[in-house]
Amino acid sequence: MIVAERKPMDEIVAMLAPHRKVLVLGCGGCVTVCLTGGEKQAELLAGQLRLAARQAGRTLEAAFDCITRQCEREFFDNLTEDPRTYDAVLSIACGAGVQYMSELYPEVPILPGMNTTFLASNVAGGVWEEYCRGCGDCVLAWTGGICPITQCSKSLINGTCGGTNNGKCEVNPEMECGWLRIYERLKALGQLDNYRTLRAARDHRKDRGGGVRRLVLKDMAESQESGNE
Amino acid sequence: MDELTSGELKRLGDSRMLMQREWSPCRYHCPVHADVRSYIELAARGRWREAIDVIRERLPFASVCGRVCHHPCEANCRRAGVDEAVAIREVKRFVSEQQGASGATVRRVVQDKAPVAIVGAGPAGMAAALDLALLGYRPTVFEKFAVAGGIPATAIPPYRLPRDVLQQDIDWICAHGVTVVTGVEIGKDKTLADLKSEGFAAIVIATGLALSRTLPIPGANHERVYPVLDFLTAVCSDRAPRIGSDVVVIGGGNVAMDAARTAVRLGATRVRAMCLEAEDEMPAWDWERSEAAEEGVGFIHRRGPTDIVIRDGRIVAVAARKVTRVFDADHRFDPRYDDADVVSVECDTVIMAIGQTADMGFLAGSPLAKDTRGRLTYDSATHQTSDPSIFACGEIVTAPGSVVEACASGQRAAKGVDLFLSGKPIRLADALPPVIGEMAPDTAAKVSKSPRNAVLQRAADERRRDSLPIDANFTADAAMHEAQRCMGCGGGAEVLIDKCAACLTCLRVCPFDIPVVTDVARIESSLCQACGMCIVECPANAIVSRSWDTREEIGNTAARLAGAGAGPKVVAYINGYHAPAAAWGASAEDALPGVLEVWLPSVSRLGVAEMLRAIENGADGIVVVAGYLGGDRYPTVRERMARRVEQLRAMLGEIGMNPERIQLVHCADEGRDAMRRAIVEATGKIAAC
Ligand SMILES: Cc1cc2nc3c(=O)[nH]c(=O)nc-3n(C[C@H](O)[C@H](O)[C@H](O)COP(=O)(O)OP(=O)(O)OC[C@H]3O[C@@H](n4cnc5c(N)ncnc54)[C@H](O)[C@@H]3O)c2cc1C
Ligand code: SF4
Ligand code: SF4
Ligand code: SF4
Ligand code: SF4
């Protein structure tokens, strides 16, 4: 799932400074699950913003709403509030939601309330950790199920660099060396051959190098014109 | 149970309607379906005034039932699976008697509909009259005795039901525009035909079972052989009959126990109850039997009287044969005797308490049909007799039962009368919402134990000498504490499945491990303990409370803040689980200046949203008065509350407000003085912000 964290309050306050009437819009998807951008957070943030404005001697009308997912058009039909009646919308979905909504409501400024951070797994109650970079060319089959793109600070694909210090990464000594972990895991699996195999350079067009990535499912795809009208 | 969605919730309008989706067993099994859980919850917060209104909404004889109800609610209370049933009847007794007749709301409606006559001012007749008045009819109740109330007024002994307690109910009912005419016996002073010609559009017969059954045995006509109702009624109207010193009561039911215990109080030196049944077969409630035994009543089991032996004009004994069986194989009453085994039980007075039967005198001159056994013909589906404008309810047509059952019958008849007089077909909907299921033992094991508050009963030796009540009313503290034992069954959490994101938070915060999350979260209502922890923590606002709602509290606090006027204001949220009744909703003189106290049964449902709103609505700061470990009725609340306070403090910090405005103290279980000191200290810190 996608993890996003709320932006620092000062930044949000500055972003909203020109507006008198804003809608804080939560998303019922990923950000609800990571407890940062659901309806409850939208409610609390709206309250906090009203208070902040009052502290600053301004008046701010801030309402909240939430829909199932901000990255799907149909769910916007379920809005209780009409974004067009607001000076701005502060979306607390991930960046996908914010942008998608901007497309749907070109006349309304849709502002990001969040910093979208990573693709995560939930490692304990209230704790999420990055597990995947969405590189577009998954290597987990030969890395013992541990992602070197994510877990190695340099995203190397051919084993440890020379900077491993007692199992820690030279870039970030807090972090375990991803490649050491891969090595240990491959050893345990009896698959050290995978470690010894030299891998060809990666095709970065599948990652970020090829512009906006799309998934078009031939058997399901509607024409985009009708989809976006 | 159907799953709930936000659309359905909107359609229901009020989230309290959710309580109608499933009933707690106490409500379900109450014959009038009083909203037990709701009034107990109000009592748990010391909101006596609202509690009595909830009780009286369904139960006109609230005070009487507070004393004498056979309480099927308690028999079905789910708390019994944890420790002991909630003392529902005793809480009700406290609430109704504390409020009296005038302390409960009287809802007067315009009574511009037809006049209706009711025959008999017992529980059934009065309940029917009340509902008819509330429906806009003009009811007049005719009662042959000089007092209204039926058996509770004329036969239930005052040591169990003091007259002034009964009068509270009668006065409250009459305040709704119910006219009672006493001293008029229908069939003698007036006939049913007279009532019709006087313009009553419908008549409700609620004459109960006014005659005592007797045994056709030699000696039964002796003047010292008392039919039980004559005996009890005489005692109730302060014309205590003369009895000797050695009394035999024939019968083993509750009425026989009342007669025997009354005979003890009239000074008899020996009182024995003789019954066909063995001890464990007796129809009397266990507690009636044991209280009677404590007061010195003896029992002669498995004996059937054949003869009342009279010598020189005086009763000297009851001859009784052995009972070989009471019930047949199908548990039908079918006694068999051994005529060779006859004993002679010495006595000088006999009270026949073997059952009551209807007095059909009201029928005089009327063509109403009777069945082959001489009982009034009536259609239980409509309450109509053979004359469609004449209805019947209460014990005359039902099996002998209880006050509350008679009320239920009267209420149902009133609906029938209303449909009839409105020219509609009489269809009485008896369907009820489903009842919440049993609580699993492993859930019950997680509920903190709290023993039932005992009612102080006078020593048998003392109470047998007078007619004063045998036990004391709860104190306010005991009533409140007892009410707090209620687990609010069915008043817990419900998931709006369209909003749930399956985030697992509810599952993680529930102290009782109740939610199950698959595609969405599901909370099994029969297991949920209604702590509300998940409601407050759900990031999707996808969980709602079936009972008191956290959003409702936000509104209340806002209104109180708005009403508090100028000057510094601090809201103190107090976990009142340990506080005495007097401290709840602290009275004006006790309140600390500038502090608005919000009392909660637990701080489990106090969320960041509520507290943030309070600040937004004008509070300068907040003091949360929580308890120490175990100081809250639910596990883990203390830790959770500390985190919520930290979250709110951080939120204030982010917008440049001093986090010190939010104070958390842990002295909810240390008494009012400690609490006041802590609030004063915390308020000082807030003032310095
Ligand atoms: C001794 C005793 C103890 C009991 N104890 C309990 C208890 O502890 N708890 C409990 O729940 N239940 C108890 N009951 C049962 C309870 O009292 C009855 O279930 C209930 O009173 C029935 O109500 P009712 O309105 O049908 O009849 P009743 O209460 O009998 O009322 C009928 C009324 O009609 C009047 N009436 C009769 N004929 C005429 C007429 N022709 N004209 C005018 N008026 C007439 C009668 O005088 C009476 O006032 C007890 C019953 C008895 C006898
Ligand atoms: S908008 Fe972003 S946060 Fe919301 S469901 Fe879509 S991807 Fe997840
Ligand atoms: S615990 Fe409360 S709600 Fe549950 S059955 Fe008992 S009285 Fe009713
Ligand atoms: S906490 Fe709310 S959103 Fe999360 S699983 Fe439970 S009900 Fe669903
Ligand atoms: S947290 Fe409380 S209200 Fe929610 S499911 Fe568990 S017991 Fe019920």
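So, how was this worked out
Residues numbered from 1 in each chain as written. Chains lettered and ligands numbered in written order. Predicted model: local features only at pLDDT ≥ 70, side-chain atom pairs only at ≥ 80, totals over all residues. Heavy atoms only, no water. Helix = DSSP H or I, 4+ residues; strand = E, 2+ residues; numbered from the N terminus. Rg over C-alpha atoms; globule rule 2.2 N^0.38 Å. Buried < 20%, exposed > 50% of the residue type's maximum accessible area, 1.4 Å probe, protein only. Contact = heavy atoms within 4.5 Å. Patch = residues over 30% accessible without salt bridge, like charges linked within 9 Å, V, L, I, M, F, W, Y side chains within 5 Å. Areas by Shrake-Rupley, 256 points an atom, 1.4 Å probe, with all protein chains shown as cover. Salt bridge = Lys/Arg side-chain N within 4 Å of Asp/Glu carboxyl O. 1 Å grid on protein atoms, 1.4 Å probe; cavity = no way out; pocket = protein on both sides within 12 Å on 5 of 7 lines; lining within 4 Å. Points joined across faces, edges and corners; volume = space filled by probe spheres on them. Nonpolar A, V, L, I, M, F, W, Y, C, P; charged D, E, K, R; others polar. Near = heavy atom within 4 Å. Polar contact = N/O pair within 3.5 Å; in protein donor to acceptor, adjacent residues only side chain to side chain. Domains from an automatic or database assignment. Pairing = 2+ DSSP bridges. Axes fitted to C-alpha atoms, helices over the stretch in contact; angles between N-to-C directions.

Caption draft 1: View of the overall build of chain A. Per the secondary structure count, chain A includes eight helices and seven strands. A compact globule built from 229 residues should have a C-alpha radius of gyration of about 17 Å, whereas chain A, at 22 Å, is more than 25% larger. Viewed in the frame of its principal axes, chain A has a C-alpha envelope of about 65 × 45 × 30 Å. Looking at the 229 residues of chain A, the share that counts as buried comes to 40%. For chain A, long-range pairs separated by at least 24 residues make up 57% of all intrachain contacts whose partners lie at least 6 apart in sequence.

Caption draft 2: Summary view of a nonpolar patch on the surface. All names here are of chain A. On the surface, Val123, Val127 and Tyr131 cluster together to form a nonpolar patch covering roughly 240 Å² of accessible area. Inspection of the secondary structure assignment puts Val127 in strand 7 (residues 127–132). Given the relative accessible area of 37%, Val127 is considered partly exposed.

Caption draft 3: Examining empty space enclosed by the protein more closely. All names here are of chain B. A complete count under the given rule lists eleven cavities of 30 Å³ or more for this structure. Looking at the largest cavity, its volume works out to about 210 Å³. Every residue lining the largest cavity is counted, 19 residues in all, and those nearest its centre are Glu41, Trp548, Pro601, Arg633 and Tyr634. Contributing elements (two or more residues each) for the lining of the largest cavity: helix 3 (36–44) and helix 18 (476–484). The element best represented in the lining of the largest cavity is helix 3, accounting for three residues. Class assignment of the residues belonging to the lining of the largest cavity gives a composition of nine nonpolar, six polar and four charged.

Caption draft 4: Region of the structure containing unusual backbone geometry. Residue and element names in this part refer to chain B. In this structure, His33 takes a positive phi of about 55° despite not being glycine. Counting through the fold element by element, His33 comes out in the loop between helix 2 (25–29) and helix 3. Phi is positive for Thr636, close to 65°, though the residue is something other than glycine. Structurally, the position occupied by Thr636 is in the loop between strand 22 (621–626) and helix 23 (637–654). Judged by relative accessible area, which is 35%, Thr636 ranks as partly exposed.

Caption draft 5: Representation of the site of ligand 1 within the structure. Residue and element names in this part refer to chain B. If you check the shell around ligand 1, you find 36 residues, and the closest are Val68, Glu143, Arg160, Glu395 and Val403. Within the contact set of ligand 1, an oxygen atom lies 2.9 Å away from a backbone nitrogen or oxygen of Ala124. One of the backbone nitrogen or oxygen atoms of Gly401 is found 3.3 Å away from an oxygen atom of ligand 1. For ligand 1, whose unbound accessible area comes to 980 Å², protein coverage reaches 95%. Elements with a minimum of two residues in the shell around ligand 1: helix 8 (123–134), strand 2 (138–143), helix 9 (151–154), helix 12 (228–236), helix 13 (254–265) and helix 15 (403–421). When residues of the shell around ligand 1 are sorted by domain, at least three fall in each of domain 2 (115–209 + 358–421) and domain 3 (211–356).

Caption draft 6: Highlighting the sheet that holds strand 1 (residues 115–119) of chain B. All names here are of chain B. Across the sheet, which stays open at both edges, the five strands sit in the order 3-2-1-4-15 with parallel pairing between neighbours. Bordering the open sheet on either side are strand 3 (179–182) and strand 15 (390–392), each of which pairs with just one other strand. Averaged over all neighbouring strand pairs, the angle between strand axes comes to 20°, with direction disregarded. In terms of strand pairing, strand 1 meets strand 4 (residues 202–205) through four bridges, oriented parallel. Within the sheet, the bridge partner assigned to Val119 lies in strand 4 and is Ile205. The sheet strands contacting helix 8 are strand 1, strand 2, strand 3 and strand 4, and the helix crosses strand 2 at an angle near 165°. Across the face of the sheet, helix 15 comes into contact with strand 1, strand 4 and strand 15 while running at roughly 160° to strand 15.

Caption draft 7: The domain arrangement of chain B, seen in detail. The domain architecture assigned to chain B consists of domain 1 (6–104 + 450–483), domain 2 (115–209 + 358–421), domain 3 (211–356), domain 4 (493–545) and domain 5 (551–687). Using only C-alpha atoms to locate each centre, domain 2 of chain B and domain 5 of chain B end up separated by 52 Å.

Caption draft 8: Expanded view of the environment of Ala188 of chain A. Residues and elements named next belong to chain A. Counting through the fold element by element, Ala188 comes out in helix 6 (residues 178–189). We classify Ala188 as exposed; its relative accessible area is 68%. Along the primary structure Ala188 and Gly144 are separated by 44 residues, whereas in three dimensions their C-alpha atoms are 9.3 Å apart.

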